[in-house]
Amino acid sequence: MFDNVGNGAKSKQLLKTIRFGSNHTPSTNINQSRKVYIMSASSETGSAKGLRRDAGIIGLLFASTTSMIGSGWLFGALHASKIAGPLSLWSWIIGAFIIMLVALCFAELAALFPRSGALVHMSHASHGEGLGRIWGWMLFLSYVAVPSVEAESIVTYANNLYPHFVGHDGVLTATGFIACAVLVGILALLNLLAIRWLLAVNNTVTWWKIIVPALTAIVLIFAGASQIGPLWPHGTSVWTAAPKSYSSNGIFIALPAAGIVFSFLGFRTAIDLGGESANPGRNIPLAVIGAVVLSAIIYILLQIGFLNSLKPQDVANGWGHLEFPGSKGPFAGLAALLGFGWLATLLYIDAAISPAGTGLIYVTGGSRILFANGEMKAGPQVLTKLNGGQVPWVSVAIMWAIGVVFLLPFPAWQKMVNYISDITALTYGLGPIVLLILRRDHPDLHRPFRMMGASVVAPVAFICCDLIILWSGLTTVSWLFVIVLVIFALYLIYYFLIAHESSADFGWEHIGWLGAWFGGMWIISALSGHDLGGFGILGFWSAVLLTALWSLVVIELAKRSSLPAEETGKILVEIENTL
């Protein structure tokens, strides 16, 4: 609401004068509303009644970057190499390309929805409250597990020094569970700081998180290259070792399975903090795109350094059995083997700092998703309650509590990463669809950032989201859709039995396409090859082609099920009246 920005009552009254059915088109009214909002927001950025607008371009860029460079870089290169061998380098390149396509779609949308928890608002705009509320809670479920998985990463590394956190089966012990719960609690407490202080802390941490991986990559690339002669006789190298133990299919399977997709997901944090930026139309797109580019460069260099530091004997039993001394902490182990004890020590320190920084900012982003759910009446109004630092403290507390609960079914890093990758890819799939609908229904809407070639990029981005789900395998896909069904069932119970709302207002005609989308994806996954856990009826590339074709069908179903253009326009104006 505009009360947060000084002259709030006057601004809100101005907004209420903007109505449809006048001489103005819907897009014109939305543009007028946005001007009112921007002028009102500029008048007083620090009112006590709303979120502060202290996040600049560097703060947003670093918020997304620190969300991306977490525990994924510590483990991703090892797992990708086990699945795809030296072709794992292509996994990171393709992963960066896929995420960039998705990020470009969200960069345009984020500039249109410069709000805290903007991903929730986007889902309301195209298909109404029914989809918006369901999607808001799915987004929450994709965020809430990340601080927990980062805590698991810290505890797993710490187990080398205090071997009581993780059992022999790689699962958390009771002591490890308590340690993770405490770590997530500390991250939640830090989130009660005002946003400018939180981002100041994050900026400092992010410099560390950029420098240490970059330094690691450079040292391993040059150190490994200098030892090629004496270690690899007869012209052999690890790049050509055990060629029959991996295939090109592994490039794509590694995207979700090795944590590559997980490692790139953090670009959305800048979107979540859009309501706390003074110039979101410029800052959000730059931060989103910049974070993907910066992280991609670091990840690709790390994979090169990792492969360059291995020896052929490390894969004597095939890439799937890659093993070397210290491989439980792969980069630290390689640094020690190459004689860089100082770097190994630095990496063990980073094993605490990098995951903690990512977990910190994900508590921030997830609490803003809950805040938006409260604003859009997808949850209780208490979710919007702010503390003295203008932080949604109830939402932060819920992030901690539910995050601890997630440690129970996913008591190991790899288990949690698979879940996060899939549900996040699912939630990201809505972005390209919303973009296409708004381009069709409101072509004259002022867009601070306008992506070129949206009619091609958006469908390809949606296809890529579905492919990530396919490549995760039938078991993960099945669990994913079970969770989705549970969410939907809980929403039905709330809507009809608690809120006593009318069936006519539920919006079945606007959400029915979800059943076709999810059901079709599960069937394709079940028919896929054995390497994806399916029944082997379809080959790998046949399943990829069928997924792409089905994705185009789903896009058409989604467009036909969207709200009328005028209703979408009204929702866009209403969204201007949120924080």
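Residues numbered from 1 in each chain as written. Predicted model: local features only at pLDDT ≥ 70, side-chain atom pairs only at ≥ 80, totals over all residues. Heavy atoms only, no water.

1. Things to note about the confidence of the model for the chain
Stage number 1. Mean pLDDT over the chain stands at 81; residues scoring 70 or higher make up 82%.
Stage number 2. The lowest-confidence element of the chain is helix α1 (residues 8–16), averaging 37 in pLDDT; the highest-confidence one is helix α22 (residues 540–560), averaging 97.
Stage number 3. This stretch, residues 1–24, has a pLDDT under 50; its non-local contacts, to residues over four places away or in other chains, come to 59 contacts. (pLDDT = per-residue confidence, 0-100. Helix = DSSP H or I, 4+ residues; strand = E, 2+ residues; numbered from the N terminus. Contact = heavy atoms within 4.5 Å.)

2. Some remarks on the packing of helix α20 (residues 474–498) against helix α21 (residues 508–527)
Stage number 1. Across the interface, α20 lies against α21 with an axial gap of 9 Å and an inter-helix angle of 160°. When the interaxial angle is binned, α20 and α21 end up roughly antiparallel. Classified by chirality, the crossing of α21 by α20 is left-handed. In this structure, α20 uses L474, V477, S478, F481, V484, F488, L492 and F496 to contact α21, whose residues at the interface are W508, I511, F518, M521, W522, S525 and A526. (Axes fitted to C-alpha atoms, helices over the stretch in contact; angles between N-to-C directions. Parallel < 35°, antiparallel > 145°, perpendicular 65-115°, else oblique. Left-handed = near helix turned anticlockwise from the far one by under 90°.)

3. Re the nonpolar core
Stage number 1. Of all hydrophobic cores here, the largest spans 171 residues; its most connected members are F267, W471 and W517.
Stage number 2. Among the elements that take part in this core, helix α6 (residues 118–158) stands out by supplying 17 residues, more than any other.
Stage number 3. Discounting residues that sit within four places of it in the chain, W471 has contacts with I98, F252, I253, L255, P256, L532, F540 and V544. (Core = buried A, V, L, I, M, F, W, Y, C linked by side-chain atoms within 4.5 Å. Buried < 20%, exposed > 50% of the residue type's maximum accessible area, 1.4 Å probe, protein only.)

4. A word on the packing of helix α17 (residues 413–428) against helix α19 (residues 454–471)
Stage number 1. Two elements in contact, α17 and α19, have axes whose closest approach is 9 Å; the angle formed by their N-to-C orientations is 160°. Relative to α19, the element α17 lies roughly antiparallel. You can see that α17 and α19 cross each other, and the crossing is left-handed. Residues D422, A425, L426 and Y428 of α17 lie in contact with α19, whose contacting residues are C465, I468 and I469.
Stage number 2. The residue makeup of the contact of α17 with α19, split by class, is six nonpolar, no polar and one charged. (Nonpolar A, V, L, I, M, F, W, Y, C, P; charged D, E, K, R; others polar.)

5. Here's the deal with the environment of T358
Stage number 1. Tracing the backbone through its elements, the reader meets T358 in helix α15 (residues 341–375).
Stage number 2. For T358 and G70, which are 288 residues apart along the polypeptide, the C-alpha to C-alpha distance reads 5.3 Å.
Stage number 3. Among all residues touching T358, those that are not within four sequence positions of it are T66, S67, I69, G70, V146, E150 and K209.

6. Quick notes on the packing of aromatic side chains
Stage number 1. According to the stated counting rule, one finds 25 aromatic pairs in the structure shown.
Stage number 2. Ring geometry for W92 and Y299: centres 4.9 Å apart, planes at 25°, overall stacked. Taken together, the residues W92 in helix α5 (residues 88–112) and Y299 in helix α13 (residues 280–309) connect sequence positions 207 residues apart.
Stage number 3. A residue is classified by how much of its surface remains accessible, and W92, at 2% relative accessible area, is buried.
Stage number 4. Taken together, the ring pairs connect W135, F462, F481, W513, W517 and F518 into an aromatic cluster. (Phe/Tyr/Trp six-rings, centres within 6.5 Å; stacked < 30°, edge-to-face > 60°.)

7. Concerning the environment of G72
Stage number 1. On the secondary structure map, G72 appears in helix α4 (residues 71–84).
Stage number 2. Counting along the chain gives 187 residues from G72 to G259, while the straight-line C-alpha distance between them is 6.1 Å.
Stage number 3. Residues within four places of G72 in sequence aside, it is in contact with F262, S263 and W413.

8. Here's the deal with unusual backbone geometry
Stage number 1. Here A242, not a glycine, exhibits a phi torsion of approximately 45°, which is positive.
Stage number 2. For A242, the position within the fold is in the loop between α9 (228–231) and α10 (249–257).

9. Observations concerning the pattern of salt bridges
Stage number 1. What the rule picks out here adds up to five salt bridges.
Stage number 2. Salt-bridge contacts for E108 lead to R447; the nearest nitrogen and oxygen are separated by 3.0 Å. Separated by 339 residues along the polypeptide, E108 in helix α5 and R447 in the loop between α18 (430–441) and α19 bring together distant segments of the chain. Neither residue differs from the other here; E108 and R447 are each classed as buried.
Stage number 3. Each member of the salt-bridge network shares a partner with another, and the members are E108, R439 and R447. (Salt bridge = Lys/Arg side-chain N within 4 Å of Asp/Glu carboxyl O.)

10. Looking at the side chain of T65
Stage number 1. Counting through the fold element by element, T65 comes out in helix α3 (residues 57–68).
Stage number 2. Exposure remark for T65: the relative accessible area of 1% places this residue in the buried category.
Stage number 3. Separated by 2.8 Å, the side chain of T65 and the backbone oxygen of L61 make a polar contact.
Stage number 4. With sequence-adjacent residues up to four places away left out, T65 is seen in contact with T206, I210, A291, L294 and S295. (Polar contact = N/O pair within 3.5 Å; in protein donor to acceptor, adjacent residues only side chain to side chain.)

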